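Fold and geometry: a report
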Amino acid sequence: MPHPNTAPPPALPFAAAFGAAELPATMAMAARARALRDAGHPVINLCLGEPDFAPAPHILDAADHAARNGATKYPPVNGTPALRDAIARKCLRDHNMVVAPTDIVVGNGARQVIFGALMATLDPGTNIIVPAPYWNAYPLIARAAGATTQFVECTTQNDFLPAPDAIDAAISPQTRWLVLNFPNNPTGAVCPADHLAAIGAVLRRHPHVRIMADDMYEHLIHDGTPHVTIAQICPDLAPRTLTISGVSKTYAMTGFRVGFAAGPADLIAAITRVQGLATGGVCAIAQAASVAALDGPQDQVDIMRQTYASRATLVASHLNTVPGLICPSPRGAFYAFVNVTTWLGRTSAAGAPLTTDTAIATALLDENHLATVAGTAFGAPGHLRLSTAAATSDLVEACRRIARFAAGLS
Ligand code: PLP
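Here's a quick rundown of the structure. These numbers were taken from a predicted model, which means no experiment stands behind them. (Residues numbered from 1 in each chain as written. Predicted model: local features only at pLDDT ≥ 70, side-chain atom pairs only at ≥ 80, totals over all residues. Heavy atoms only, no water.)

Overview of the sheet that holds strand E2 (residues 104-107)
Taken in spatial order, the 7 strands line up as E2-E8-E7-E6-E5-E3-E4 in an open sheet, and their pairing is mixed. Two strands in the sheet have a free side with no partner beyond their single neighbour: E2 and strand E4 (148-153). Averaged over neighbouring strand pairs, the angle between their axes works out to 20° when direction is ignored. Helix H4 (residues 109-121) contacts E2, strand E3 (127-132), strand E5 (175-181), strand E6 (210-214), strand E7 (241-246) and strand E8 (259-262) of the sheet and is inclined by roughly 160° relative to E7. Where helix H5 (residues 137-144) meets the sheet, its contacts fall on E3, E4, E5 and E6, and the angle it forms with E4 comes to roughly 155°. (Pairing = 2+ DSSP bridges. Helix = DSSP H or I, 4+ residues; strand = E, 2+ residues; numbered from the N terminus. Axes fitted to C-alpha atoms, helices over the stretch in contact; angles between N-to-C directions. Contact = heavy atoms within 4.5 Å.)

See below:
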């Protein structure tokens, strides 16, 4: 029987901190790309930051073994002892940092660790400092916690590194965190030890500010240089630093949803409390697989890193020949961040006015079936981000489509 009240339901409110539940730009573009592909168009999707490799066989074997041998119960909220021990070994191996397994938390991806850290420490009226361009989750989560974000602009001229005096100028009594993300999403910037030391010198003057070192892409530095992190370079700052990483990018394990952080005990306890409220512990099978990833052979990591590096060189060299484009060679991660400002104000072959980078990304998808994300989503209008974690043949074809798009501009 039809319901007697046929009037449409009233729009019910959303919490102000979340806005009207809008989709982040990356996901919105990916959804548009999927719709076009479903309609039969030959779309190349370079929106998402997701490795195109499978995890190494020993990692999958460990997941299988765990599932068949009892890893099917609720795990501890802060992570299994076996994984926290493996992470402590990793901290020592990679950064010579001695971390107690009790000062480590495992989350459903690094994303949940970041969410927990910001939720546990931000109040309305406080702020975080984020160098721009940035991964868009930090300001969105800060907003969800009722806080605001102060951006520190970085440019190609300084290799997309935040100037220490600009960080100094941005810090106020309300500042709770400085976020450092190297190698950076979206620019691929890598921060050398002396630059981290200079940032550390600024932070020593501001003891009320915590430091979030988001090292998700730490093993994806193209020339193989070992990654350095601020708690390693400035050990005196370690008591207020949260060092974050995970298995998603390094081991091609995005779907396992395992990220982790090392930091001061009180902060780790607070993050654990937020996680306990939201999700409880992380899938025990995924944690067992992550132990195998961290403790097992690392040769596949090297192969992936070299592949991403050669793709980055290929894409940058192709795009720099396209009139009007500037594509600095990324030093790490797996993105190309292309400056398209000379296209602003022009018109696409199909007549779309290219007033913003979002208009450019939309026209490129609609007319040439190439999905990218507009730099505005990363706090850098006038750019496009292309994921280079895609088959080389797709990347070559993507560059061709961009060249065709450029040739059709008027
Ligand atoms: N940090 C950065 C800079 C990222 O780019 C991402 C994912 O794109 C994450 C953290 C979150 O990774 P995950 O939640 O898969 O561990």
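Topic: the pairing of strand E12 (residues 383-387)
By the criterion of burial, E12 is predominantly enclosed, with 5 of the 5 residues buried. In E12, alternate side chains face the same way, and those of His383, Arg385 and Ser387 on one face and Leu384 and Leu386 on the other are all buried. In terms of strand pairing, strand E9 (residues 335-339) meets E12 through 5 bridges, oriented antiparallel. Within the sheet, the bridge partner assigned to Val338 lies in E12 and is Leu384. Direction of pairing for strand E11 (residues 373-374) relative to E12: antiparallel, over a ladder of 2 bridges. Within the sheet, the bridge partner assigned to Val373 lies in E12 and is Arg385. (Buried < 20%, exposed > 50% of the residue type's maximum accessible area, 1.4 Å probe, protein only.)

A short note on the packing of aromatic side chains
In this structure the tally under the stated criterion is 10 aromatic pairs. Their ring planes at 75° and their centres at 5.8 Å tell us that Tyr217 and Tyr335 sit as a pair that is edge-to-face. Taken together, the residues Tyr217 in the loop between E6 and helix H8 (230-233) and Tyr335 in strand E9 connect sequence positions 118 residues apart. Owing to a relative accessible area of 3%, Tyr217 belongs among the buried residues under this scheme. Chaining the aromatic ring pairs together yields one cluster made of Phe53, Tyr217, Tyr308, Phe334 and Tyr335. (Phe/Tyr/Trp six-rings, centres within 6.5 Å; stacked < 30°, edge-to-face > 60°.)

Description of the pairing of E5
A large share of E5 lies buried, amounting to 6 of its 7 residues. Both E3 and E5 contribute to a ladder of 3 bridges, which runs parallel. Counted as the bridge partner of Ile128 is Trp177 from E5. Pairing analysis gives 5 bridges linking E5 to E6, with the strands arranged parallel. Bridging across to E6, Val179 finds its partner in Met212.

Quick notes on the layout of surface pockets
If you add up the space inside the second largest pocket, you get close to 280 Å³. Counting residues per element, the ones that place at least two in the lining of the second largest pocket are helix H3 (81-95) and helix H11 (299-319). (1 Å grid on protein atoms, 1.4 Å probe; cavity = no way out; pocket = protein on both sides within 12 Å on 5 of 7 lines; lining within 4 Å. Points joined across faces, edges and corners; volume = space filled by probe spheres on them.)

Regarding the packing of H11 against helix H13 (residues 392-407)
Two elements in contact, H11 and H13, have axes separated by 10 Å at closest approach and are oriented at 15°. Between H11 and H13, the angle is such that the two are roughly parallel. Note that H11 runs across H13; the crossing there is right-handed. The residues of H13 that touch H11, namely those facing Arg311, Leu314, Val315, His318 and Leu319, are Thr392, Leu395, Val396, Cys399 and Ile402. Tallied by class, the residues present in the contact of H11 with H13 amount to 7 nonpolar, 2 polar and 1 charged. (Parallel < 35°, antiparallel > 145°, perpendicular 65-115°, else oblique. Left-handed = near helix turned anticlockwise from the far one by under 90°. Nonpolar A, V, L, I, M, F, W, Y, C, P; charged D, E, K, R; others polar.)

Overview of the sheet that holds E12
Here we have 3 strands laid out as an open sheet, ordered E9-E12-E11, and antiparallel in their pairing. Across the chains shown, the open sheet's two edge strands, defined by having one partner strand only, are E9 and E11.

Focus: the site of the ligand
Around the ligand, a shell composed of 13 residues is seen, among which Ala110, Asp214, Tyr217, Ser248 and Arg257 lie nearest. In the environment of the ligand, an oxygen atom lies 2.9 Å from a nitrogen or oxygen atom belonging to the side chain of Asn185. A distance of 2.8 Å separates an oxygen atom of the ligand from a polar atom in the side chain of Tyr217. In isolation the ligand has 400 Å² of accessible area, and contact with the protein removes 93% of it. The greatest single-element share of the shell around the ligand, amounting to 3 residues, is contributed by H4. (Near = heavy atom within 4 Å. Polar contact = N/O pair within 3.5 Å; in protein donor to acceptor, adjacent residues only side chain to side chain. Areas by Shrake-Rupley, 256 points an atom, 1.4 Å probe, with all protein chains shown as cover.)

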